[in-house]
Structure formats: structure tokens, C-alpha cells
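This is what each chain is made of:
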Amino acid sequence: MTVSHYPAPAEPPSPGFRLLNQPQVLGVDGVNFSVHVENQTQVRDTMSRRQHRVYQLYSRTSGKHVQVLGRRISARGEDGDKYAQLVVEAATFGSQVRIRGKETNFYLCMNSRGKLVGKASNRSDDCLFVEKVLENHYTALMSARYTDWYVGFNKRGRPRPGSRTQPNQQDGHFMKRFPPGEQPDLTTPFRFTTISKRGNRVRANGPR
């Protein structure tokens, strides 16, 4: 009579040990990756090439454009006014920017009292803002240094205190506009290329 030998059932691991193939929910050292990404978007980007954009900021309240008049800031600029042309410099991987007047080279800043001022240097965090796109497609500018303080103007184009301006108020709503003559050309037809099977030749397609 042949006796079959079956392996003994595995004993459960003792409380002092764990299985090596047990799935890990968190990353290395228990780091929450989503929190890591959020923190990295707030770090200054000192390695990438600076992205500069030139546009005007139309104030929903004053019906004019934001001007950087040296140390004085207003929202009374007409469309195409040289003081209303702003150079926006990306400062991080996220949406933090510095705004400089193209004509004066002064930066839009907010001091500790919530007052909008122009400064010749951008080294202070007073000159750093966070762009926020609102549900109504307007843009709000929050101070990166003073949380929940926003750029705003009254109907006469005078700056409002940052501490009294909120993103749900029209005083803090802005629309980005290209300066006259600098609108992108949307009439140029799109051109694409195809590769033929014979000799892998590249041929451009599109209207001629």
C-alpha cells in the first residue's frame, strides 16, 4: 500500500513578521504623492527657461486696463496704452507669476498693508501672485505672500486694499487681452505631413 505524503499547511506569520510580497498602498517611506506634487508646484523654478508673456489686464469694474505707472498702480488705461502692456513672468511650475510694466520696468506688488505699489526690483515676495481662473472665465490675482489678499480696483480705477478684495467680487475680476497688433494669426491654415510607403518620403499637405 502506497502512502501519499502531502505538504503540511503553512503556518500563519507571527505578529513580529510581515510578508515580503504584501502590497504597499503608499509610496516610499509612506509619502503621499499628491501632496508632494502640490508642494513642488509652489517651489521656485530656477532651472527652466523663464516664460514671458505680454498682455493687458482688463478690469471688469473700471472697464479699463491695469497700468504700472512707476510706483503708482491704476486701472485707467485705454486699449493699447503703453503703460497697460504687462510682461508676465512665470515664477514656478504652477501658476505663480510676476507682473512687470513693459514701459516702466516696475513690478506690480502688494505690501503688508494690502496696498498695490510698483517696485523696481522683484526680489521681494510682495511682487509674486497666483493666477486663478474663475468659473466665469475671468482671472483673479491672489498675493502669494498674503494668502486670500487679492488685486482689485474700484469703478474709478483706483486700487482696493487686498484684504478687502475677494475672488467672488467683481473688483477682483480681470480678463487677459493681447495688445493691439499682437493678436495671434488664426487665419493661417494648419499644415501636416504624411509619410509615403515608397522610400518613406515626407510630403507636406495643405492648401498651396
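Each remark here, short or long, concerns the structure printed above.
Remember, it's a predicted structure, so these values are computed and weren't measured experimentally. (Residues numbered from 1 in each chain as written. Predicted model: local features only at pLDDT ≥ 70, side-chain atom pairs only at ≥ 80, totals over all residues. Heavy atoms only, no water.)

**Student:** Can you lay out the pairing of strand S6 (residues 107–110) for me, pointing to particular residues and giving the numbers?
**Tutor:** Residues Tyr-107 and Cys-109 point to one face of S6 and Leu-108 and Met-110 to the other, with burial holding for every one of them. One ladder, built from four bridges, connects S6 with strand S7 (residues 116–119); its direction is antiparallel. Each residue of the ladder has a partner; that of Cys-109, found in S7, is Val-117. Linkage of S6 to S7, two consecutive antiparallel strands, is achieved through a turn of five residues, within which Gly-114 is found at a positive phi near 85°. (Buried < 20%, exposed > 50% of the residue type's maximum accessible area, 1.4 Å probe, protein only. Helix = DSSP H or I, 4+ residues; strand = E, 2+ residues; numbered from the N terminus. Pairing = 2+ DSSP bridges.)

**Student:** Can you break down the pattern of salt bridges residue by residue, with the values?
**Tutor:** Within this structure, the stated rule accounts for eight salt bridges. The partner of Arg-177 in a salt bridge is Asp-79, with the nearest N and O atoms 3.7 Å apart. Linking Arg-177 in strand S10 (residues 174–177) with Asp-79 in the loop between strand S3 (72–77) and strand S4 (86–90), this pair joins segments that are 98 residues apart in sequence. Relative accessible area serves as the criterion here: at 31%, Arg-177 is assigned to the partly exposed category. (Salt bridge = Lys/Arg side-chain N within 4 Å of Asp/Glu carboxyl O.)

**Student:** I'd like a rundown of the side chain of Thr-61, residues and numbers included.
**Tutor:** One can find Thr-61 in the loop between strand S1 (52–59) and strand S2 (65–69). Here the side chain of Thr-61 touches Asp-171 through a polar contact of 3.2 Å, side chain to side chain. In contact with Thr-61, not counting residues within four places along its chain, are Phe-153, Asn-154, Lys-155, Gln-170 and Asp-171. (Polar contact = N/O pair within 3.5 Å; in protein donor to acceptor, adjacent residues only side chain to side chain. Contact = heavy atoms within 4.5 Å.)

**Student:** Residues and numbers for the nonpolar core, please.
**Tutor:** One finds Leu-57, Val-66, Ile-73, Ile-99, Leu-116, Val-151 and Phe-153 to be the most contacted residues of the largest nonpolar core, which totals 19 residues. Looking at this core, the elements with two or more residues in it are S1, S2, S3, S4, strand S5 (96–101) and S6. Non-local contacts of Val-151, meaning those with residues more than four positions away in its chain, are made with Met-110, Leu-116, Phe-129, Leu-141, Thr-165, Asp-171, Gly-172 and Phe-174. Counting residues in each nonpolar core, the second largest holds six residues, with Val-130, Leu-134, Tyr-138 and Met-142 among its members. (Core = buried A, V, L, I, M, F, W, Y, C linked by side-chain atoms within 4.5 Å.)

**Student:** So what's going on with a positive patch on the surface? Which residues, and what values?
**Tutor:** Where like charges cluster on the molecular surface, the positive patch consists of Arg-72, Arg-76, Arg-156 and Arg-158. With respect to the helices, strands and loops of the structure, Arg-76 is situated in strand S3. On the basis of relative accessibility, which here comes to 40%, the residue Arg-76 falls in the partly exposed class. (Patch = residues over 30% accessible without salt bridge, like charges linked within 9 Å, V, L, I, M, F, W, Y side chains within 5 Å. Areas by Shrake-Rupley, 256 points an atom, 1.4 Å probe, with all protein chains shown as cover. Lys, Arg positive; Asp, Glu negative; His and termini not counted. Charge placed at Lys NZ, Arg CZ, Asp CG, Glu CD.)

**Student:** Got a sec to walk through the side chain of Thr-165? Specific residues and values, please.
**Tutor:** Structurally, Thr-165 is set in the loop between strand S9 (139–143) and S10. Residue classification places Thr-165 among the buried positions, given a relative accessible area of 0%. A polar contact of 3.0 Å, which involves the side chain of Thr-165, links it to the backbone oxygen of Pro-161. What Thr-165 contacts, discounting residues up to four positions off in sequence, is Asp-148, Tyr-150, Val-151, Gly-152, Arg-160, Asp-171 and Gly-172.

**Student:** Got a sec to walk through unusual backbone geometry? Specific residues and values, please.
**Tutor:** In this structure, His-137 takes a positive phi of about 75° despite not being glycine. Within the fold, His-137 resides in the loop between strand S8 (129–133) and S9. Overall, His-137 belongs to the exposed group, its relative accessible area being 69%. Despite not being glycine, Asp-148 shows a phi value in the positive range, around 70°. With respect to the element layout, Asp-148 can be found in the loop between S9 and S10. The exposure class of Asp-148 is partly exposed, given its relative accessible area of 43%.

**Student:** How would you summarise the packing of aromatic side chains if you had to cite specific residues and measurements?
**Tutor:** Geometrically, a pair of aromatic rings is defined through the distance of the ring centres and the angle of the planes. Throughout the structure, instances matching the rule amount to two aromatic pairs. Consider the rings of Tyr-146 and Trp-149, whose centres lie 5.1 Å apart with planes at 25°: the pair is stacked. Geometrically, the ring pair formed by Phe-153 and Phe-174 is edge-to-face, given 6.0 Å between the ring centres and 90° between the ring planes. Taken together, the positions of Phe-153 in the loop between S9 and S10 and Phe-174 in strand S10 put the pair 21 residues apart, joining distant regions of the chain. Phe-153 sits in the buried class, given a relative accessible area of 0%. Judged by its relative accessible area of 1%, Phe-174 is buried. (Phe/Tyr/Trp six-rings, centres within 6.5 Å; stacked < 30°, edge-to-face > 60°.)

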